[in-house]
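# Observations on the model geometry
Take a look at the letters that make up each chain.
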Amino acid sequence: QVQLVESGGGLVQPGGSLRLSCAALGSIFVINDMDWYRQAPGKQRELVAVITSGGRTIYADSVKGRFTMSRDNAQNTVYLQMGSLKPEDTAVYYCHAYIRLSDRTTAAGYWGQGTQVTVSS
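Below you will find a few notes about this structure. Remember, predicted model here, so these are calculated numbers, not experimental data. (Residues numbered from 1 in each chain as written. Predicted model: local features only at pLDDT ≥ 70, side-chain atom pairs only at ≥ 80, totals over all residues. Heavy atoms only, no water.)

Helix and strand counts for the protein chain stand at zero helices and 11 strands. Helices (α) and strands (β) of the protein chain occur, in sequence order from the N terminus, as β-β-β-β-β-β-β-β-β-β-β. Its C-alpha radius of gyration of 14 Å places the protein chain within 12% of the 14 Å reference for a compact globule of 121 residues. The C-alpha extent of the protein chain, read off along each of the three principal axes, is 50 × 25 × 25 Å. Buried positions account for 44% of the 121 residues belonging to the protein chain. For the protein chain, restricting intrachain contacts to residue pairs at least 6 apart in sequence, the fraction spanning at least 24 positions comes to 55%. (Helix = DSSP H or I, 4+ residues; strand = E, 2+ residues; numbered from the N terminus. Rg over C-alpha atoms; globule rule 2.2 N^0.38 Å. Buried < 20%, exposed > 50% of the residue type's maximum accessible area, 1.4 Å probe, protein only. Contact = heavy atoms within 4.5 Å.)

In terms of nonpolar packing, the biggest core is built from 31 residues, with Trp36, Met69, Leu80, Met82 and Tyr93 touching the most fellow members. Where this core is concerned, the elements lending two or more residues are strand S1 (2-7), strand S3 (18-26), strand S4 (30-39), strand S5 (46-51), strand S7 (67-72), strand S8 (77-82), strand S9 (91-100) and strand S11 (115-119). The greatest single-element share of this core, amounting to five residues, is contributed by S9. When sequence neighbours within four positions are dropped, the list of residues in contact with Met69 reads Met34, Asp35, Trp36, Ala49, Val50, Ile51, Thr57, Tyr59, Val78, Tyr79 and Leu80. (Core = buried A, V, L, I, M, F, W, Y, C linked by side-chain atoms within 4.5 Å.)

Have a look at this one:
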């Protein structure tokens, strides 16, 4: 059984910062790409950032230069450092990862439960 457990969401004023964390727990063989998505009310879920197993990152244009994704492979944890936050960043943020449970299985996608980020004065 694998779980992705997110933390770090909350209420922040415009221009402020937050750091989200996502830990992959359970019997894991290897984790490939890990991603952050977000979903605002009434909108589709959108990809925010990706980090490969080698540490390469890709960002959505809307967050480029403001958000930084990092990864601690020893702890099976990823982070999303969010800065210069705007009201339009308000959403539920979800962690996603492609995980192999053994050397005999292919990678499958797993989702976290989501953490609310609200940017408001």
